[in-house]
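This is what each chain is made of:
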Amino acid sequence: MPRDEYEEVPAIKAGKRCGVQWAPWMDDWFTSWSPRNSNNNAEGPWDHWVDLAVKILADPMTAIVRPEAHAVAVTLDQHDFYDEPQRELTEAELSARFPEGGS
């Protein structure tokens, strides 16, 4: 069965609401995606975003476009879809990174 040109294809899940999907009509472009409700509003704690980054880097497609990044990423632990964050950032850590009026 041919793929619908405008279908969006889930690619990588990392946390309940943090993922990436492939948009075939956009060739080699991907968009944010929430596995929980299939919209484009990926969200989650920093740890879920880190896990998404690790999963992207460990994906076989990364071995094609950035083999050196893939080689490192495949050695890192990945978490399951419903895992809670391994560590949450504190208010002090967030304030240090994003000071008022800073960028």
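Bear in mind the structure is a predicted one, so any value in this text is a computation, not a measurement.

Q: I tried to follow the overall build of the protein chain on my own but got confused; where do I start?
A: When you go through the protein chain residue by residue, the secondary structure sums to four helices and three strands. Overall, the protein chain shows an N-to-C arrangement of helices and strands of β-β-β-α-α-α-α. Taken along the three principal axes of its C-alpha coordinates, the protein chain extends 55 × 30 × 30 Å. Out of the 103 residues belonging to the protein chain, those deemed buried represent 25%. Sequence-distant contacts in the protein chain: of pairs separated by 6 or more residues, those separated by 24 or more amount to 33%. Only carbon and sulfur atoms are counted for the fraction: they give 55% of the accessible area of the protein chain, which is about 7,600 Å². Across the protein chain, the centroid of the 9 positively charged side chains sits 3 Å from that of the 19 negatively charged ones.

Q: It is not clear to me how the pattern of salt bridges should be interpreted in this structure. Could you clarify?
A: When their charged atoms lie close together, side chains carrying opposite charge are able to pair. On inspection of all chains with the given rule, the structure shows four salt bridges. A salt bridge links Asp-51 to Lys-55, with the shortest nitrogen-to-oxygen separation between them at 3.2 Å. Remark: Lys-55 and Asp-51 occur in helix α1 (residues 46–58); sequence separation between them is four residues, near one turn of the helix. The two residues Asp-51 and Lys-55 agree in class, both being buried.

Q: How should I be thinking about the nonpolar core in this particular structure?
A: For soluble globular proteins, nonpolar side chains are generally found buried alongside one another. In terms of nonpolar packing, the biggest core is built from five residues, these being Ile-12, Ala-14, Cys-18, Val-20 and Leu-52. What Leu-52 contacts, discounting residues up to four positions off in sequence, is Ile-12, Ala-14, Cys-18, Gly-19 and Val-20.

About the cut-offs
- Residues numbered from 1 in each chain as written.
- Predicted model: local features only at pLDDT ≥ 70, side-chain atom pairs only at ≥ 80, totals over all residues.
- Heavy atoms only, no water.
- Helix = DSSP H or I, 4+ residues; strand = E, 2+ residues; numbered from the N terminus.
- Buried < 20%, exposed > 50% of the residue type's maximum accessible area, 1.4 Å probe, protein only.
- Contact = heavy atoms within 4.5 Å.
- Areas by Shrake-Rupley, 256 points an atom, 1.4 Å probe, with all protein chains shown as cover.
- Lys, Arg positive; Asp, Glu negative; His and termini not counted.
- Charge placed at Lys NZ, Arg CZ, Asp CG, Glu CD.
- Salt bridge = Lys/Arg side-chain N within 4 Å of Asp/Glu carboxyl O.
- Core = buried A, V, L, I, M, F, W, Y, C linked by side-chain atoms within 4.5 Å.

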